[in-house]
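Understanding the architecture of this molecule
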There are 2 protein chains.
Amino acid sequence: MRDDVRGAPDIGAIEAAAGRLAGTAVVTPLLSSPFLDEVAGRPVHVKAECLQKTGSFKFRGAWSAVSALPEGVRGVIACSSGNHAQGVALAARMRGLPAVIVMPADAPRTKRENTAALGAEVVLHDRTGEDRDALTERLASERGLHLVRPFDDADVIAGQGTCGLEIAVQAAAAGVSTGTVLTCCGGGGLTAGLALALEARAPGLRVRPVEPAGYDDAGRSLAAGTILRNEAAPPSICDAILTPAPGRLTFPVMRRLCGPGLAVSDEEAGRAVAAAFSRVKLVLEPGGAVALAAALFRGDALAPGPVIVTASGGNVDAALFADILTRYGDRP
Amino acid sequence: MRDDVRGAPDIGAIEAAAGRLAGTAVVTPLLSSPFLDEVAGRPVHVKAECLQKTGSFKFRGAWSAVSALPEGVRGVIACSSGNHAQGVALAARMRGLPAVIVMPADAPRTKRENTAALGAEVVLHDRTGEDRDALTERLASERGLHLVRPFDDADVIAGQGTCGLEIAVQAAAAGVSTGTVLTCCGGGGLTAGLALALEARAPGLRVRPVEPAGYDDAGRSLAAGTILRNEAAPPSICDAILTPAPGRLTFPVMRRLCGPGLAVSDEEAGRAVAAAFSRVKLVLEPGGAVALAAALFRGDALAPGPVIVTASGGNVDAALFADILTRYGDRP
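Residues numbered from 1 in each chain as written. Chains lettered and ligands numbered in written order. Predicted model: local features only at pLDDT ≥ 70, side-chain atom pairs only at ≥ 80, totals over all residues.

1. Here's the deal with the sheet that holds strand β2 (residues 44–48) of chain A
All names here are of chain A. A sheet is described by the order of its strands in space; here 6 strands give the open sequence β1-β2-β10-β7-β8-β9, paired in mixed fashion. The open sheet is flanked by β1 (30–31) and β9 (262–264), the only strands paired with a single partner. Bridging between β1 and β2 involves 2 bridges; their strand directions are antiparallel. Its bridge partner lying in β2, Leu-31 is registered against Val-46. Docked against the sheet, helix α9 (residues 217–224) engages β8 (205–212) and β9, running at close to 125° with respect to β8. (Pairing = 2+ DSSP bridges. Helix = DSSP H or I, 4+ residues; strand = E, 2+ residues; numbered from the N terminus. Contact = placed C-beta atoms within 7 Å. Axes fitted to C-alpha atoms, helices over the stretch in contact; angles between N-to-C directions.)

Pasting the structure below:
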């Protein structure tokens, strides 16, 4: 188990991560649709991270961290509801390392099965019962495994930051030099990574985290200037980003660089899933659609000008996706 | 109306089209998934043309043709079940030209509504009744509109060929220099364009057209060495590629350059839609999934080695997509 939690990465570390990811991670496209622009009342650009390997941006951070491990590591362990799990499982397989993934027993079936199919040993825990961090640390210690944290890890944040490097280039090509970058936010790894990359490469783009209503710990923490936790745990279809609080490494970055947070309802997330289906032909999971939801339905809370949204993941069970389409059709 | 149907384009014309499309069309990614590889028993690469503007590769050919029109053109007209329609509608709007689109009355609602929403005048015709070509020519003549043919047009074929230029670069980056390119095939514009581009830029990749069972006119024509038409018109969910026969310009190219055709059932197309949903997070319409279906379910008819498939379109109604997911789940 790794004890040296370093500070957040700098742009050099993000560039170095980009070097490790080159030729391995997908350079995901920045998509648009006149129909999304019309609903939002402004130009909307969608960074299609659901097309990343394992179906979410999490592969970036996972490969950044796993590829940086020294020779002789015995294996890796991670704790995740599913997207970090799959990213770490594939990254470990690509390096020929065993992986143990601790997942909540109620994680979506697709995520559990894919993680196992990628060769990882899946250990299920009860989300409301035993302490998953304690369980993970015990397993790491017993088996001598390296813990790949989901967001409070400099190499992981640097990997997520590579998404920001791509956005900087793609936004410039699309003629966007000032505007808002809305990003789906759990613990803040992607949010912090984007903010650091854009600070250096596209300083006219301001990052704002978007969370599910009831899980707006990052937004409330930003407003308070200190880390706050979510107290209640209401049901939500946005399983990917139901984290309790922003991270020790990620929050200071967000506080320094990000604009205020936004929160959207499950219904808005579902409508954004339907809009991504019909308008840019992307499969998004609800937690990966909250940024698009904010772009479409929270325009009054945004500064004028174009918006770039991260479509951060697409690992959604077929039954839920079919239900969302049946409920919301193909119109936002 | 244009009478000078030129011959098929050469690589120079395809490169020129690429110049006109640069910065306007999406450079679509080439995606993969270890799960698709496992089902197919070989490496599978998916060219995600559903992410193209208007949701299908057709925008390439439409913009190639419309952007090449001389000044002073009064407007354009096209005849299409929906994807060429949307491509021409957007291309015309981008050039500030009026567009008239003749569509079958039974085209998917999404396609009809989107075509109209892109500013085109939609004229519906009865697929089984009046002669749509005669109707289109009459309107073109009466109103002085330039006809943008769906495939038998050198500029359109050149535009579709730009997809092949991208495949050549992306396949090389993925380490693929020899293999099979399976492509969804209607009238053969994409098939011929790909074949011409790859002949020049990646001659180790052989193109093979894939069609819906009952609409395998290209495959039967290739086998016979002459253009054959589909006689029966069985029901099919693959509305995008239910063309009666390969084109006068496209067939000679296919005959010279392509391998034998393949045909898949509606069920196989549906299962491929479900696989693309779960494995590469793409929304495909059934007609845009037949090449993937052949990769997954027709391996015994393919030469050994990697396969690249075009995922040619994603304009599918939400109700049909939900039905496919409910029917086939998220496993091929």
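2. Observations regarding the pairing of strand β5 (residues 121–125) of chain A
Direction of pairing for strand β4 (residues 99–104) of chain A relative to β5 of chain A: parallel, over a ladder of 5 bridges. Bridge pairing links Met-103 of chain A to Leu-124 of chain A in β5 of chain A.

3. Some details on the nonpolar core
Within the largest apolar cluster, 230 residues are counted, with the highest numbers of intra-cluster contacts made by Val-88, Ala-276 and Leu-292 of chain A together with Val-88, Ala-276 and Leu-292 of chain B. Ignoring anything within four residues of it in the chain, the contact list for Ala-276 of chain B reads Leu-282, Leu-284, Ala-289, Leu-292 and Ala-311 of chain B. (Core = buried A, V, L, I, M, F, W, Y, C linked by C-beta atoms within 7 Å. Buried ≥ 20, exposed ≤ 12 C-beta atoms within 10 Å, placed from the backbone.)

4. A closer look at the interface of chain B and chain A
Across the contact, 26 residues belong to chain B and 26 residues belong to chain A. Of all the secondary-structure elements, those providing two or more residues to the side of chain B that touches chain A are α5 (109–117), α11 (266–280) and α13 (318–328) of chain B. In terms of residue count, α13 of chain B provides more of the side of chain B that touches chain A than any other element does, 5 residues in total. Considered class by class, the residues forming the side of chain B that touches chain A number 16 nonpolar, 7 polar and 3 charged. (Nonpolar A, V, L, I, M, F, W, Y, C, P; charged D, E, K, R; others polar.)

5. So, the confidence of the model for chain A
Confidence in the prediction for chain A averages 94 pLDDT; 97% of positions are at 70 or higher. On the interface metric, ipTM, the complex scores 0.95, and its pTM is 0.95. (pLDDT = per-residue confidence, 0-100.)

6. Concerning the packing of helix α3 (residues 58–67) of chain A against helix α7 (residues 154–173) of chain A
Residues and elements named next belong to chain A. At their nearest, the axes of α3 and α7 sit 7 Å apart, and the two run at 135° to each other. Between α3 and α7, the angle is such that the two are oblique. The two elements α3 and α7 meet at a crossing, and its hand is right-handed. Across the interface between the two elements, Arg-60, Gly-61, Trp-63, Ser-64 and Ala-65 from α3 touch Asp-155, Val-156, Ile-157, Ala-158, Gly-159, Gln-160, Thr-162 and Cys-163 from α7. Grouping the amino acids of the contact of α3 with α7 by side-chain chemistry returns 6 nonpolar, 5 polar and 2 charged. (Parallel < 35°, antiparallel > 145°, perpendicular 65-115°, else oblique. Left-handed = near helix turned anticlockwise from the far one by under 90°.)

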